[in-house]
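For reference, the chains in residue letters:
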Amino acid sequence: MHSPPAPALLDVDRLRAEFPVLERETRPGVPLIYLDSAATSQKPRAVLEAMTAFYEHQNANIHRGIHRLAEEATGAYESARRRVAAFIGTPDPAEIVFTRNATESINLVASTWGRTKLRAGDLIVLTEMEHHANLVPWQMLAAERGLRLAHIPIDANGRLDAEAYRELLSRGPRLVAFTAMSNVLGTITPAAEMTAQAHAAGALVLLDAAQSIPHLATDVRALGADFVVFSAHKMCGPTGIGVLYARRELLESMPPYQGGGDMIRRVSLHAFTPNDVPYKFEAGTPAIAEAIGLGAAVDFLDAIGMQEVQAHEAAITEYALDRLSEVPGLQVFGPPAAERGGLASFSMADAHPHDVAQILDSLGVAVRAGHHCAMPIHEVLGVPATTRASFYLYTTPGEIDRLIDGLYKVKHVFA
Amino acid sequence: MDDLYREQIIDRYKNPRSRGTLDPHDFTYEDDNPLCGDRIRIDVRVDADDRVTAAAFSGQGCAISQAAADLLTESVVGKTLDEVKQLTKDDILEMLGIELGPVRLKCALLSLKVLKAGVYGIDQLEADLA
């Protein structure tokens, strides 16, 4: 009845061996089934080893020291920047600004570009399915500067309403900021097309790629986006480092974000001259080991091939949706498998998401329950919370089967 | 199976004894836990001596939050308001008979927060908890 995805596109068993945490049990005899990669992915040994090797052999501050270690550390940090640039399709590493995470990247754009380029009454277009990270910074800026915010609605299948978008563009927004992949519905938005439409209407585009870059091959130049933000920790990298990609001329036109060391060219007691891009946005000692970890994560993903990752997850997602549909009283939100990334948020009759997640946890299955930092979309869906299972390159059909077993257990408890 | 879902809790969740609203009532209060969407309202009637004569809860949420609300509202009937004010987190955990992690503790304690806010007035409660 339910055939697991046919040809093994990835050697998942070999890949799983690269992730030490996947070998653990959550309690004696209960292996971990990690279905929460949309919150944060697990980390392969190559990333952990790159970071440890840095601390054991090269640890020094960057960009200033003359000594051997400082030069090696600087080289490793800048090499990571070049590999990230290549990974997302820009030949210019200066277009890669290292931040703390996608959230900080959005706040950086709001604080610098937003504060200097936007005037009272200007319109920013967002969507109903944004993560709080792509809502609250704009709400704060709107309150400060008297901006207007409007939101593209979603339809019953979790797709953005294209006609409503065209209508919003006719109002002359200055910025369209939207997710490339919803963290609740999994919807993959038509980012290239929406970007072209926004540009034709005279707006710039910020793409929240936190959920998409770990899973889909990304070419920022082909997308044409002005700003692209993402976090390392969802793509096999460490926490504490994220990326802002922006076109060089935009970065050059923006004032600095935070003041401090490294972001300056020259300082006197009363004034400073900012450094070149991207350094003028990287005040203070950055997350050096984490940048090196991100570089290793990019190498790891490159070696597998993002097309292969994408194909594996598409097969897993299709299998998961198929199996979820057999559970009576379970409702999955969002579009069909072909239009979504590797996650499924659902509700179950008679069982609250907290109870679902708790019972699954007792079987070793880790899922997320709650509003997933996207309260407005839950209001649109008409549910206070959902349970979300999310997948990655290491997810197996057998793990989906364990999830389904667990959901039957939930039904049994609450029957 | 975790004893989180032992029979008493599931039974209370599915067959609550004191679910409903009281009209008229002497106190009522409603609050939610925005993190998970648990929402609870509690209505209370008292007699001339400030002794609870009836209590009922309504709302929605997880099994822990709803079972705790049912056990709590049932247990306060016959208590004076002063006795209600003395109730603590440990009383709720004792009624539930389980150990809870920090996230689920919020679910379990929502009804106590709502009850006390109704009896004290929310300002006094915040001062009391501070």
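Keep in mind that what you see is a predicted model, and the values were worked out from it rather than measured. (Residues numbered from 1 in each chain as written. Chains lettered and ligands numbered in written order. Predicted model: local features only at pLDDT ≥ 70, side-chain atom pairs only at ≥ 80, totals over all residues.)

Here the focus is the sheet that holds strand S4 (residues 96-99) of chain A. Residue and element names in this part refer to chain A. Ordered by their spatial adjacency, 7 strands build an open sheet running S4-S10-S9-S8-S7-S5-S6, and the pairing between neighbours is mixed. A single partner strand is all that each edge strand has here, and the edge strands are S4 and strand S6 (148-152). Neighbouring strand axes in the sheet, compared pairwise and without regard to direction, differ in orientation by 20° on average. On the sheet, helix H5 (residues 136-145) packs against strand S5 (123-127), S6 and strand S7 (175-179) and is oriented at approximately 150° with respect to S6. (Pairing = 2+ DSSP bridges. Helix = DSSP H or I, 4+ residues; strand = E, 2+ residues; numbered from the N terminus. Axes fitted to C-alpha atoms, helices over the stretch in contact; angles between N-to-C directions. Contact = placed C-beta atoms within 7 Å.)

Residues separated by three or four positions in an α-helix point in the same direction, a consequence of the helix having 3.6 residues per turn. All names here are of chain A. Taking 1.5 Å of rise per residue, 19 residues should cover 27 Å, and helix H11 (residues 306-324) covers 26 Å from first to last C-alpha, within 8% of that figure. For H11, the full list of buried residues reads Val309, His312, Glu313, Ala315, Ile316, Thr317, Tyr319 and Ala320. For H11, the elements touching its buried residues are helix H10 (288-304), strand S14 (343-348), strand S17 (386-390) and helix H14 (397-414). (Expected span 1.5 Å × (residues − 1). Buried ≥ 20, exposed ≤ 12 C-beta atoms within 10 Å, placed from the backbone.)

With that settled, the discussion passes to the interface of chain A and chain B. Note on interface size: it is often stated as the accessible area lost on association of the parts. Between chain A and chain B, the residue contacts involve 11 residues of the former and 12 residues of the latter. Elements with a contribution of two residues or more to the side of chain A that touches chain B: helix H12 (353-362) and H14 of chain A. The element that contributes the greatest number of residues to the side of chain A that touches chain B is H12(A), accounting for 5 residues. For the side of chain A that touches chain B, the class distribution of residues is 5 nonpolar, 5 polar and 1 charged. (Nonpolar A, V, L, I, M, F, W, Y, C, P; charged D, E, K, R; others polar.)

Attention shifts here to the nonpolar core. Residue and element names in this part refer to chain A. Counting residues in hydrophobic clusters, the biggest one holds 161 residues, and the most contacted among them are Leu207, Phe227, Val228, Val229, Ile292 and Ala297. Broken down by element, the residue count for this core peaks at 10 residues, all from H10. The residue makeup of this core includes at least three contributed by each of domain 1 (12-36 + 305-414) and domain 2 (48-303). (Core = buried A, V, L, I, M, F, W, Y, C linked by C-beta atoms within 7 Å. Domains from an automatic or database assignment.)

A separate point is the pairing of strand S2 (residues 38-46) of chain B. Residue and element names in this part refer to chain B. Pairing between strand S1 (residues 27-33) and S2: 7 bridges, direction antiparallel. Across the sheet, the residue bridging to Glu30 is Arg41, located in S2. In this antiparallel pair of consecutive strands, S1 and S2, the connection spans 4 residues, and Gly37 shows a positive phi of 85°. Note that S2 and strand S3 (residues 52-60) share 8 bridges and pair antiparallel. Its bridge partner lying in S3, Val44 is registered against Ala55.

Before going further, it helps to examine the environment of Thr26(A). All names here are of chain A. Relative to the helices and strands, Thr26 resides in strand S1 (residues 25-27). Residue classification places Thr26 among the partly exposed residues on the basis of 16 C-beta atoms within 10 Å. Taking the C-alpha atoms as reference points, Thr26 and Gln258, separated by 232 residues in sequence, lie 42 Å from one another. Those residues in contact with Thr26 that lie beyond four places of it in its chain are Leu32 and Gly364.

Residues and elements named next belong to chain A. Considered domain by domain, chain A is made up of domain 1 (12-36 + 305-414) and domain 2 (48-303). A straight line from the C-alpha centre of domain 1 to that of domain 2 covers 28 Å. Contacts between domain 1 and domain 2 engage 23 residues on the former and 23 residues on the latter. For the side of domain 1 that touches domain 2, the element with the highest residue contribution is H11, accounting for 5 residues.

All names here are of chain B. Structurally, the position occupied by Ile64 is in helix H2 (residues 63-76). Put simply, Ile64 and Ala108 are 44 residues apart on the chain and 5.6 Å apart in space, counted from C-alpha to C-alpha. Here Ile64 is in contact with Ile9, Arg104, Cys107 and Ala108, once residues within four sequence places are set aside.

Following Val277(A), the chain continues to Pro278(A) via a peptide bond in cis, the omega torsion being 0°. Mapped onto the elements of the fold, Pro278(A) is located in the loop between strand S12 (272-274) and H10. The amide bond that connects Asp23(B) to the next residue, Pro24(B), takes the cis arrangement and shows omega of 5°. Note that Pro24(B) resides in the loop between helix H1 (7-14) and S1. The phi dihedral of Cys236(A) is positive, around 75°, even though this residue is not glycine. Note that Cys236(A) resides in the loop between strand S9 (227-231) and strand S10 (242-246).

The relative placement of two packed helices is expressed as an angle between their axes plus a distance between the axes. Residues and elements named next belong to chain B. Packing of H2 against helix H5 (residues 102-120) brings their axes to within 8 Å, and their N-to-C directions diverge by 35°. Note that H2 runs across H5; the crossing there is right-handed. Counted together, Ile64, Ser65, Ala68, Ala69 and Leu72 of H2 and Arg104, Cys107, Ala108, Leu110, Ser111, Leu112 and Leu115 of H5 form the full contact between these two elements. Each residue belonging to the contact of H2 with H5 can be placed in one class, and the counts come to 9 nonpolar, 2 polar and 1 charged. (Left-handed = near helix turned anticlockwise from the far one by under 90°.)

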